[in-house]
Amino acid sequence: MNKNFLNDFPILRTQMNGQPLAYLDNSATTQKPENVVRSICGYYGGCNANPHRGVYELSQKSTKVYEDARRKVAKFINAKSAREIIFTKNATESLNLVAFSYGLTNLQAGDEILITIAEHHSNLVPWQIVARAKGAKLNYIYLTADGNLSEADISAKLTRRTKILAVTQISNVLGLVNDVKTLAAKAHEVGAVVIVDGSQSVPHIPVDVQDFDADFLAFSGHKMLSPMGIGVLYGKQKILDAMPPFLTGGDMIEYVTEQETTFAELPQKFEAGTQNVGGAAGLTAAIDYLQSVGFDEIARVENDLTTFAISELKKIPYVELYGCDAPNKVGIVTFNIRDVHPHDVATILDAQGVAIRAGHHCAQPLMKFLGVNSTCRASFYFYNTRRDVERLIDAIKTVRGVMKLH
Amino acid sequence: MLENIYTELIAEHSQSKENRRQLENATITERGHNPTCGDEITLSLEIADGVIRDAAFTGEGCAISQASTDMMIELLRGKSVDEAKRLAELFIAMIHGEIDDDDELAELDEAAALKNISTMPARVKCATLAWHTLDTAIKHSDGDSLA
Ligand SMILES: Cc1ncc(COP(=O)(O)O)c(C=O)c1O
Ligand SMILES: [Zn+2]
């Protein structure tokens, strides 16, 4: 039985262009349940003070909210210690932190960075910049016809010269799940450090950092029911300890003299300036909510909706699907309608209350590889229903008519 | 709402092949694109004695960006560069909702049909792409004539 999540997500009961909202852009950001909204109000209404800085009780309360969130996240992804959890504003900042702190310090001319062609720009552009700055080479693992990573590329390109492997666990365009555990083991064999972009995985599947043994994991709170502006970087303590700070200033220091500074211990070393405690309170509530739903239920609903959407879309002769024949797929359906640009599709769906994403999804190299300029993307979360998918399909069937193509 | 945007006229212009080509005697070629959505055009103009003798384009993108480009090209032929510049300003003001007097917009001819885009902020860039590209092209051609 589908729990009726509409009660917990008032926004899902609102209208868009006079139609009930079918929100199918969850890969971009998810909606927030009431307990998350309440936790943010509760923080600002009853606990707000600058954490770590005051000796008075309210500041202690704020510090506790923040540090409780850190412990919550550590448990959630099974980190060894809460010191391995660094709060950032989003996955993008987390990935930049690794690239500019770890990458700039450890890479040398001639070293290689290996990423996949399916990376989001935020796990791609920082590596381009770091590679250029250090005279390192940026290599790509390409995809096979079904959309999975090419084993041949992995064997050929993951070598002793590879110092960094940065890979998304789930592609935000194709929804395909990469086997990061096997990849991490192979990378460690050649001595490379492994960075996993968990932006699309942590909200949807159980992630255990000790099990898959990556060195870093980056994700954003806002794609998992939390407010925008709170993100996470997990890193193995030994590696984080050896890295220089990324941003510097208040809160991340130990002693500062006129010419010299020593830095605070983990995790403060990487958390310069006043932090997003309200966001952290929201993240704690979001994890509570996700755990109350359970990843089994999340997988069940998302698989049902994805399979249903793909089978319905396959019946429409002028719809082209991308990466929809692989079994290892989670919650994302990417498609095009023949002779209609995705922008126009999204506008026509919008008029019918259906929210999807159209464009390059911050993955231009992947678009080029797939031979398309842009695509439409519907992405699901556990609160979506078959009715949402039916509305998507019905709206898609009107598109060619609206465009006067017959 | 959709009927006011995806009209027959827009459909025709977005599908028309007439103005889609390379200009043999182009004096200036300018690329324009919308990084957020991927609309792309390459506009070529043949300018002589301050007059646009011919114009054409190639590109890929949504119906609105492509129809808008096609309509602009038809409007530009035979116009002076100064007039073209003024018309681009008028079109952009229309899309931004700053001018909505139909008499004033009549000069834009068929392109005035895109007026309703002013109510759709998400599509404003699609409609104005060609006209901003025109503006840049004219600026570059000025630079050339000064050089
Ligand atoms: C796979 C992937 N990586 C990184 C990001 C960047 O996330 P954010 O914009 O929250 O930093 C996204 C979100 O769009 C994503 O889907
Ligand atoms: Zn467009």
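Before reading further, recall that the structure is shown in the block above.
Residues numbered from 1 in each chain as written. Chains lettered and ligands numbered in written order. Predicted model: local features only at pLDDT ≥ 70, side-chain atom pairs only at ≥ 80, totals over all residues. Heavy atoms only, no water.

### Topic: the site of ligand 1
Residue and element names in this part refer to chain A.
- Close contacts around ligand 1 come from 13 residues, with Thr92, Asp197, Ser220, His222 and Lys223 the closest.
- A distance of 3.4 Å separates an oxygen atom of ligand 1 from a polar atom in the backbone of Ala91.
- For ligand 1, whose free accessible area comes to 390 Å², the fraction covered by protein is 87%.
- Split by residue class, the shell around ligand 1 holds one nonpolar, 10 polar and two charged. (Near = heavy atom within 4 Å. Polar contact = N/O pair within 3.5 Å; in protein donor to acceptor, adjacent residues only side chain to side chain. Areas by Shrake-Rupley, 256 points an atom, 1.4 Å probe, with all protein chains shown as cover. Nonpolar A, V, L, I, M, F, W, Y, C, P; charged D, E, K, R; others polar.)

### Quick look at the pattern of salt bridges
- Per the counting criterion, the structure on display carries 26 salt bridges over all chains.
- Between Lys181 of chain A and Asp211 of chain A there is a salt bridge whose closest N-O contact spans 2.9 Å. Here Lys181 of chain A is found in helix 6 (residues 180-189), whereas its partner Asp211 of chain A is found in helix 7 (residues 209-212), with 30 residues between them in sequence.
- Here Lys115 of chain B ties to Asp102 of chain B by a salt bridge, and the two come within 2.8 Å at their closest N and O atoms. A residue pair is termed long-range when its members are at least 10 positions apart, and Lys115 of chain B in the loop between helix 5 (102-105) and helix 6 (124-146) and Asp102 of chain B in helix 5 qualify at 13 residues.
- For Lys115 of chain B, a relative accessible area of 22% translates into the label partly exposed. (Salt bridge = Lys/Arg side-chain N within 4 Å of Asp/Glu carboxyl O. Helix = DSSP H or I, 4+ residues; strand = E, 2+ residues; numbered from the N terminus. Buried < 20%, exposed > 50% of the residue type's maximum accessible area, 1.4 Å probe, protein only.)

### Some points on the side chain of His222 of chain A
Residues and elements named next belong to chain A.
- Turning to its location among the elements, His222 is positioned in the loop between strand 9 (216-220) and strand 10 (231-235).
- By relative accessible area, which is 14% here, His222 ends up buried.
- Looking at His222, its side chain comes within polar contact range of the side chain of Thr29, at 2.7 Å.
- If we skip the residues at most four places from it in the chain, His222 touches Ala28, Thr29, Thr30, Lys32, Pro227, Met228 and Ile230. (Contact = heavy atoms within 4.5 Å.)

### Quick look at the state of the cysteines
All names here are of chain A.
- Going through the model one piece at a time under the given rule, you end up with zero disulfides over all chains.
- Of the cysteine sulfurs around Cys41, a residue in no disulfide, the closest is that of Cys47, at 12 Å.
- Looking at Cys41, the relative accessible area reads 52%, which means it is exposed. (Disulfide = S-S within 2.5 Å.)

### Considerations on the packing of aromatic side chains
Residue and element names in this part refer to chain A.
- Scanning all chains against the criterion turns up 16 aromatic pairs over all chains.
- Plain terms: the ring middles of Phe100 and Phe246 are 6.5 Å apart, the flat faces sit at 15° to each other, and that makes the pair stacked. Of the two residues, Phe100 is situated in helix 3 (residues 91-106) and Phe246 in the loop between helix 8 (237-242) and strand 11 (253-256); the sequence distance between them amounts to 146 residues.
- A residue is classified by how much of its surface remains accessible, and Phe100, at 24% relative accessible area, is partly exposed.
- The structure contains a cluster of three or more aromatic residues connected by ring pairs, namely Phe5, Phe9, Tyr289, Tyr381, Phe382 and Tyr383.
- The aromatic ring of Phe308 is capped on one face by Arg386, whose charged end is 4.1 Å from the ring centroid. (Phe/Tyr/Trp six-rings, centres within 6.5 Å; stacked < 30°, edge-to-face > 60°. Lys NZ or Arg CZ within 6 Å of the ring centre and 35° of its normal.)

### Remarks on the packing of helix 3 of chain A against helix 4 (residues 125-134) of chain A
Residue and element names in this part refer to chain A.
- It is at 9 Å that the axes of helix 3 and helix 4 come closest, and there the two elements cross at 15°. Classified by the interaxial angle, the pair formed by helix 3 and helix 4 is roughly parallel. Pair helix 3 / helix 4 crosses with right-handed handedness. Two secondary-structure elements touch here, helix 3 through Asn96, Val98, Ala99, Phe100, Gly103 and Leu104 and helix 4 through Pro126, Trp127, Ile129, Val130, Ala133 and Lys134.
- Tallied by class, residues from the contact of helix 3 with helix 4 come to nine nonpolar, two polar and one charged. (Axes fitted to C-alpha atoms, helices over the stretch in contact; angles between N-to-C directions. Parallel < 35°, antiparallel > 145°, perpendicular 65-115°, else oblique. Left-handed = near helix turned anticlockwise from the far one by under 90°.)

### Observations regarding the interface of chain B and chain A
- Taken together, the 20 residues of chain B in the interface contact 17 residues of chain A.
- Summing both partners gives a buried area of about 1,500 Å² for chain B against chain A, and 58% of it is carried by carbon and sulfur.
- Looking at the side of chain B facing chain A, the largest losses of area belong to Leu2, Tyr6 and Cys37 of chain B, adding up to 36% of the total buried there.
- For the interface between chain B and chain A, the tally reads one salt bridge.
- At the junction of chain B and chain A, the tally comes to eight residue pairs in polar contact (both at pLDDT 80 or more).
- For the side of chain B that touches chain A, the secondary structure elements donating two or more residues are helix 2 (8-15) and helix 3 (63-76) of chain B.
- Counting residues per element, the side of chain B that touches chain A draws most heavily on helix 2 of chain B, at three residues.
- The residue inventory of the side of chain B that touches chain A, partitioned by class, reads 11 nonpolar, five polar and four charged. (Buried area = accessible area lost by both parts, 1.4 Å probe.)

### Section: the sheet that holds strand 4 (residues 85-88) of chain A
Residue and element names in this part refer to chain A.
- Pairing in this open sheet of seven strands is mixed, and the strands run 4-10-9-8-7-5-6 from one edge to the other. Edge positions in the sheet fall to strand 4 and strand 6 (137-141), since each of these pairs with one other strand and no more. Going from strand to strand, the sheet's axes swing by 20° on average, the running direction of each strand aside.
- Looking at chain direction, strand 8 (residues 193-197) and strand 9 are connected through three bridges and run parallel. Bridge assignment links Asp197 to a residue of strand 9, and that residue is Ala218.
- Here helix 6 sits on the sheet in contact with strand 7 (162-168) and strand 8, set at roughly 175° to strand 7. (Pairing = 2+ DSSP bridges.)

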